[in-house]
Amino acid sequence: MRQNPSFAMTDVTELRRVISANPWTTVVGRDADGMTASHYAVLLDPDRDDLTVVGHVGRPDDLVLGLGEQELLLVFQGPHGYVSPNWYGDVQAVPTWNYVSVHLSGVPEVLETAENLRVLEHLVDHFESRFPSPRGMWKLPNDETFVRRLESGTVGFRLTPTRIVAKRKLSQNKSDDVIENVILELTRDGEYANPALAAEMQRAHDARLSKRA
């Protein structure tokens, strides 16, 4: 992703927020036949406070992604959506697409069985915790034989990024009144209603306004 200084995201707290809110990740690697993009849930490492992430891939994706042998690219896609030139007012304009995206690159560490099990358990617990009666990985009718067979079909990894490119393209190059109108239009009913993108734009806009105060 080509970076634009006007749209760059660099605050680790904000990057962690975007990663945490958007765990369904595009994982890009390569083998002798070329590049492959796979899709997996990837989470922030619960034992770290940086941008280290943990996850797993199913076999044989570890081979086609070159897992542990070369650089891997993880793409976390935040809110995104269409912005009409009508929302800019009576000025010369063309459509655009606003978005938030975080790219992490690095050579991942391949996890041993015990640690992979912990990552798998953390992954299940992370999503199941929203239910009133969560079903953990070790909960019956699952038994140890089942869980260990499941684990053997996966390869866990931990990636501490050596390269970070994060972009928040949210109409920052427009005037305050235009930004506020785009936010308003995204909250209306209609073909391009996008409350999540509107909320992300409002967050970024409020941060800019607070810096001016």
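Caption draft 1: Summary view of the sheet that holds strand S4 (residues 53-58). Ordered by their spatial adjacency, 4 strands build an open sheet running S3-S4-S8-S7, and the pairing between neighbours is antiparallel. On the outer flanks of this sheet lie strand S3 (43-44) and strand S7 (109-110), each paired with one strand and no other. Sheet topology places S4 next to strand S8 (residues 154-159); 6 bridges connect them, and they run antiparallel. Among the inter-strand pairings, Gly 58 is bridged to a residue of S8, identified as Thr 154.

Caption draft 2: Inspection of the pairing of strand S2 (residues 34-41) at higher detail. Where strand S1 (residues 24-31) meets S2, 8 bridges bridge the pair, whose relative direction is antiparallel. The residue bridging Gly 29 from the neighbouring strand is Thr 36, located in S2. Hairpin connection of S1 to S2: 2 residues between the antiparallel strands.

Caption draft 3: The arrangement of the pattern of salt bridges in detail. Within the structure shown, the criterion is met by 13 salt bridges. The partner of Glu 14 in a salt bridge is Arg 17, with the nearest N and O atoms 3.0 Å apart. Of this pair, Glu 14 and Arg 17 both sit in helix H1 (residues 12-21), 3 residues apart, which is roughly one turn of that helix. Here Asp 62 and Arg 59 are joined by a salt bridge, their closest N and O atoms 3.9 Å apart. By sharing partners, the salt bridges in this structure join Glu 14, Arg 17, Arg 168, Glu 200 and Arg 203 into a single network.

Caption draft 4: Expanded view of the side chain of Asn 22. Looking at where Asn 22 falls in the secondary structure, it is placed in the loop between H1 and S1. Among the polar contacts made by the side chain of Asn 22, one reaches the main-chain carbonyl oxygen of Val 18 at a distance of 2.8 Å. Among all residues touching Asn 22, those that are not within four sequence positions of it are Phe 76, Gln 77 and Gly 78.

Caption draft 5: Quick look at the environment of Pro 108. If you trace the backbone, Pro 108 turns up in the loop between strand S6 (96-106) and S7. Each C-alpha atom, one on Pro 108 and one on Gly 156, is 9.5 Å from the other, the two residues being 48 residues apart in sequence. The residues contacting Pro 108, other than those within four sequence positions of it, are Leu 67, Gly 68, Gln 70, Leu 72, Phe 157, Arg 158 and Leu 159.

Caption draft 6: Structural view of the packing of helix H5 (residues 176-187) against helix H6 (residues 195-212). Two elements in contact, H5 and H6, have axes separated by 8 Å at closest approach and are oriented at 155 degrees. Considering the angle they form, H5 stands roughly antiparallel to H6. Two packed elements cross with a definite hand, and for H5 against H6 that hand is left-handed. Facing Asp 176, Ile 179, Glu 180, Val 182, Ile 183, Leu 186 and Thr 187 of H5, the residues of H6 in contact are Pro 195, Leu 197, Ala 198, Met 201, Gln 202, His 205, Arg 208, Leu 209 and Arg 212. Split by residue class, the contact of H5 with H6 holds 9 nonpolar, 3 polar and 4 charged.

Calculation criteria
- Each residue is numbered by its place in its chain's sequence as written, counting from 1.
- It should be noted that, the model being predicted, local features are given only for residues of pLDDT at least 70 and side-chain atom pairs only at 80 or more, the latter also being counted only at that level, while totals for whole chains, interfaces and linings use all residues.
- Water and hydrogen atoms were dropped before computing side-chain values, which therefore reflect all heavy atoms in the structure.
- When DSSP locates at least two bridges between a pair of strands, those strands are taken to pair.
- Only DSSP runs of H or I covering at least 4 residues are called helices, and only runs of E covering at least 2 are called strands; the numbering of each starts at the N terminus.
- For this analysis, a salt bridge means a side-chain nitrogen from Lys or Arg found within 4 Å of a carboxyl oxygen belonging to Asp or Glu.
- Two N or O atoms count as a polar contact when they lie within 3.5 Å, although within protein this holds only if one can serve as hydrogen donor and the other as acceptor, and sequence-adjacent residues are included solely when both atoms are side-chain atoms.
- The contact criterion used throughout is that any non-hydrogen atoms of two residues lie within 4.5 Å.
- Axis definition: a line fitted to C-alpha atoms, limited for helices to the stretch in contact. Angles are taken between N-to-C directions and run from 0 to 180 degrees.
- An angle below 35 degrees is read as roughly parallel, one above 145 as roughly antiparallel, one from 65 to 115 as roughly perpendicular, and any other as oblique.
- Left-handed describes a crossing whose near helix is turned anticlockwise from the far helix by less than a right angle; the clockwise case is right-handed.
- Each residue receives one of three labels: charged for Asp, Glu, Lys and Arg, nonpolar for Ala, Val, Leu, Ile, Met, Phe, Trp, Tyr, Cys and Pro, and polar for the others, Gly being one of them.

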